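# Structural overview
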Amino acid sequence: MSVERNKEEQALDRLLGGERQRQPRGFTVPPDYFATFNEQMVERLADEPPVERHVEMTRWQRVKPYVYLAAMFCGIWLMMNVFHRVTGGGQINLDNPPAHIAQIIDEVQPKETYELVPSLIADMQTEYDVASAYDNMREFETDFNAIEDDVADEDILY
């Protein structure tokens, strides 16, 4: 980067014939600016009269924060009401305190019920009867003439 800057300066020197004064890059401050800064600032402030900016607030500007606060609480109440209805949590009230609900939940035992189709029950009963009638698969195969010669004993699933 310094090589490029040197080339730039050499090119400017050739163009301007060496008469170019080196100026600092960036901003410059007038001489003795900070020495007299305080005095100049006090003079400027003393000349200007203080500005009173008192603006009368309208009724809406005074009431607006309270209206927003009330709207926020209404929104929270509405959200809680919607969540309460969605989750179905309408069981707790003053007549039914949480301790009473916990006691009722502990007393109630869940019932497991299964509905079986009658044909499925008949199939299950038939399977049970056949399985209890035979001690092994060989007896079953001989009774029903279902012996396969090419099936090994390891392939038979019980």
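Small disclaimer: the values here were computed from a predicted structure and weren't measured. (Residues numbered from 1 in each chain as written. Predicted model: local features only at pLDDT ≥ 70, side-chain atom pairs only at ≥ 80, totals over all residues. Heavy atoms only, no water.)

### Digging into unusual backbone geometry
The residue Asp-32 is not glycine, and still its phi comes out positive at about 60 degrees. Relative to the helices and strands, Asp-32 resides in the loop between helix H1 (2-16) and helix H2 (37-47). (Helix = DSSP H or I, 4+ residues; strand = E, 2+ residues; numbered from the N terminus.)

### Here's the deal with a nonpolar patch on the surface
Together, Leu-69, Met-72, Phe-73, Ile-76, Trp-77, Leu-78, Met-79, Met-80, Val-82, Phe-83 and Val-86 line one region of the surface with nonpolar side chains, adding up to about 1200 Å² of accessible area. Examined against the element boundaries, Met-79 turns out to sit in helix H3 (residues 59-87). (Patch = residues over 30% accessible without salt bridge, like charges linked within 9 Å, V, L, I, M, F, W, Y side chains within 5 Å. Areas by Shrake-Rupley, 256 points an atom, 1.4 Å probe, with all protein chains shown as cover. Salt bridge = Lys/Arg side-chain N within 4 Å of Asp/Glu carboxyl O.)

### Considering the confidence of the model for the protein
Per-chain confidence: the protein averages 76 in pLDDT, with 72% of residues scoring 70 or above. The spread of mean pLDDT over the elements of the protein runs between helix H4 (residues 98-107), the lowest at 70, and H3, the highest at 93. (pLDDT = per-residue confidence, 0-100.)

### Quick word on a negative patch on the surface
Side chains of Glu-39, Glu-43, Asp-47 and Glu-48 sit close together on the surface and give a patch of like negative charge. Mapped onto the elements, Glu-39 comes out in helix H2. (Lys, Arg positive; Asp, Glu negative; His and termini not counted. Charge placed at Lys NZ, Arg CZ, Asp CG, Glu CD.)

### Structural notes on the packing of aromatic side chains
Going through the model one piece at a time under the given rule, you end up with 2 aromatic pairs. Where Tyr-33 meets Phe-34, the ring centres are 5.3 Å apart and the plane angle is 80 degrees; that geometry is what we call edge-to-face. Using a relative accessible area of 32% as the deciding quantity, one classes Tyr-33 as partly exposed. Residue class for Phe-34 comes out exposed when judged on its relative accessible area of 63%. Aromatic pair Tyr-33 and Phe-37: ring centres 5.8 Å apart, planes at 50 degrees, arrangement tilted. Accessibility expressed as a relative area gives 31% for Phe-37, which makes it partly exposed. Here the aromatic residues Tyr-33, Phe-34 and Phe-37 are joined through ring pairs into a cluster of three or more. (Phe/Tyr/Trp six-rings, centres within 6.5 Å; stacked < 30°, edge-to-face > 60°. Buried < 20%, exposed > 50% of the residue type's maximum accessible area, 1.4 Å probe, protein only.)

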